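Structural features, examined
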Amino acid sequence: MVAVAALVAVFALAIVPQAAAPQPPQPQQFDFAAAAADVAAAFRRECEAAGVVGAGLAIVRGGEVAAFAGHGLADRAGGRAVDLDTNFHWASCTKTFTAIAVMQLRDRGVLGLDQPIVELVPELRDVHNPFGPNTAITVRHLLQHAGGFRAATWPWGGDLDWHPHEPTQWSQLVAMLPYTSVQFAPGSKFAYSNPGIVFLGRAIERVTGEEYEVHMEKNVLRPLGMVRAYFDRSPWHLQRFRSHSYEGAGAAAKALGPDFDTGITVSNGGLNASLADMAKYLSFLLGAAPAGSDASGVLAPASLAAMWQPALPTNAAGTEHIGLGFFVQELGGSRFPTHTGGQRAFVSFFYVHPASGTGACAAFNTSVAGPAMAKVRALCMQRLSLPLLGGAAGR
């Protein structure tokens, strides 16, 4: 009888329901659309606070424009609002396009990254180099802003109304070369240099036999589908989309007009494009161009990846490096290839984040927009791109 009672007790214990094991909390899904709306609102607030006349922000996810925000006017006198088709000047963001053209020619066996630049631009033999022979300065050094050349293209004048905005002819730069000195040992450090990229533009012309603008249209802009992108002055049929630029802030900002000529520095800062076209560029950089399309063949993914390898630090903290034509920022344990631009009161940026398949680009038509640009870029990186690495893809 005792044995039976014991069995009944064991059986009763066996059928008592056990408490469920605690489950780990489920990650909250990241709402990309809501975050983009918040960033767009912050963008407009920054523009308003800074007195920006007009600006636009495009947020890219994969091959699509996921969100767009416009602020103010592209043409204050005409009352034309900024939209996705507004054509802005992208200034030094042009340098990344020039770098891509150089990498195309490298991949095609036309030039080498470690080739002395004097073999491609022989006029550079006249530059004074206290650190050694000019044959030590390579194509790679110029892509990395490590060739030892000064920052400014035009070291004399530029402060009078009759002076050109930039040198208009290659012969003017050549005339300055015997009075130009290499400022540090090539390859030893980063120092931003506009002339270095101009020399790369000249090298493209020498090895292809084509003017820079023609070569870029045929080999970069057209296959990317950037149909409203061009260099320097606007063609007639695109003038209706062109943003004017403004020096100063708010209603007191001085109108500078829509167009200007970057002259011989076109490879350094001559690109004009709509936000819609720049979004196509970002989609290509993200590897989101349709397979087999012209855009997908502009540059091999391995070559793009090589351009985004950190080479030389650009700041003491080591949070940003120069690659080949692109700056590479380190944030949240991942890399953001990026570039900014500023010229004739236009201010701009773009970045891509390959790890999340996202990017953003923005352009401002007012000289005071620099701080707002920097805040918006950081906000896009932190609020839109990095959260997608948290495990939940979002919507």
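Everything discussed here concerns the structure shown above.
Residues numbered from 1 in each chain as written. Predicted model: local features only at pLDDT ≥ 70, side-chain atom pairs only at ≥ 80, totals over all residues. Heavy atoms only, no water.

The next subject is the pattern of salt bridges. Taken as a whole and assessed by the stated rule, the structure comprises twelve salt bridges. Here K280 makes a salt bridge to D277, at a shortest N to O gap of 3.6 Å. With K280 and D277 both in helix 9 (residues 275–285), this residue pair falls three residues apart, about one helical turn. The exposure class of D277 is buried, given its relative accessible area of 3%. Between R335 and E330 there is a salt bridge; the shortest N-O distance is 3.3 Å. (Salt bridge = Lys/Arg side-chain N within 4 Å of Asp/Glu carboxyl O. Helix = DSSP H or I, 4+ residues; strand = E, 2+ residues; numbered from the N terminus. Buried < 20%, exposed > 50% of the residue type's maximum accessible area, 1.4 Å probe, protein only.)

Let's shift gears to the pairing of strand 14 (residues 358–364). Within a regular strand, the side chains alternate between the two sheet faces. Within strand 14, seven of the seven residues are buried, leaving the element largely enclosed by the surrounding structure. Of the two faces of strand 14, the one holding T358, A360, A362 and F364 and the one holding G359, C361 and A363 are both buried throughout. In textbook terms, the turn of a hairpin is the stretch between consecutive antiparallel strands, and for strand 13 (residues 346–353) and strand 14 this stretch comprises four residues, one of which, G357, has a positive phi near 70 degrees. (Pairing = 2+ DSSP bridges.)

In the structure shown here, the tally under the stated rule is one cavity of 30 Å³ or more. Looking at the largest cavity, its volume works out to about 50 Å³. Elements that contribute at least two residues to the lining of the largest cavity include exactly helix 5 (170–176) and helix 6 (194–208). Considering only residue class, the lining of the largest cavity consists of six nonpolar, two polar and one charged. (1 Å grid on protein atoms, 1.4 Å probe; cavity = no way out; pocket = protein on both sides within 12 Å on 5 of 7 lines; lining within 4 Å. Points joined across faces, edges and corners; volume = space filled by probe spheres on them. Nonpolar A, V, L, I, M, F, W, Y, C, P; charged D, E, K, R; others polar.)

One finds W90, I117, M278, Y281, L285 and M307 to be the most contacted residues of the largest nonpolar core, which totals 74 residues. For Y281, the contacting residues outside a window of four places in its chain are T96, F97, I100, L224, M226, F326 and F350. One finds F30, F32, A67 and C380 within the second-largest nonpolar core, a separate group that totals 28 residues. (Core = buried A, V, L, I, M, F, W, Y, C linked by side-chain atoms within 4.5 Å. Contact = heavy atoms within 4.5 Å.)

Here the focus is the side chain of D75. Here D75 lies in strand 2 (residues 64–75). The side chain of D75 is buried and forms no salt bridge, while R80, the nearest opposite charge, is found at 4.2 Å. Among the polar contacts listed, one links the side chain of D75 to the backbone nitrogen of G78, at a separation of 3.2 Å. Those residues in contact with D75, other than ones at most four positions away along the chain, are R80, H244 and Y246. (Lys, Arg positive; Asp, Glu negative; His and termini not counted. Polar contact = N/O pair within 3.5 Å; in protein donor to acceptor, adjacent residues only side chain to side chain.)

On to the sheet that holds strand 5 (residues 230–231), then. The antiparallel open sheet is built from three strands, whose spatial order is 4-8-5. The open sheet has two edge strands with one neighbour each: strand 4 (87–91) and strand 5. Sheet topology places strand 4 next to strand 8 (residues 271–274); four bridges connect them, and they run antiparallel. Within strand 8, the residue paired with H89 across the bridge is N272. Sheet strands touched by helix 9: strand 4 and strand 8. Its angle to strand 8, the strand with the most contacts, is close to 100 degrees. (Axes fitted to C-alpha atoms, helices over the stretch in contact; angles between N-to-C directions.)

Let's shift gears to the pairing of strand 12 (residues 334–343). In terms of burial, strand 12 is largely enclosed, as seven of its ten residues are buried. Here strand 11 (residues 327–331) folds back onto strand 12 in antiparallel fashion, the turn holding two residues, of which G332 has a positive phi close to 60 degrees.

The subject of this paragraph is helix 7 (residues 212–224). Over its 13 residues, helix 7 runs 17 Å from end to end, which matches the ideal 18 Å to within 8%, given 1.5 Å per residue. Residue K218 marks the point of greatest curvature in helix 7, where the axis turns by about 40 degrees. Within helix 7, burial applies to Y212, H215, M216, N219, V220, L221, P223 and L224. On its buried side, helix 7 packs onto helix 3 (94–107), helix 6, strand 5, helix 8 (266–269), strand 8 and helix 9. In the segment just after helix 7, G225 is the residue with positive phi, at about 80 degrees. (Expected span 1.5 Å × (residues − 1). Bend = angle between axes of the 7 residues up to and from the residue.)

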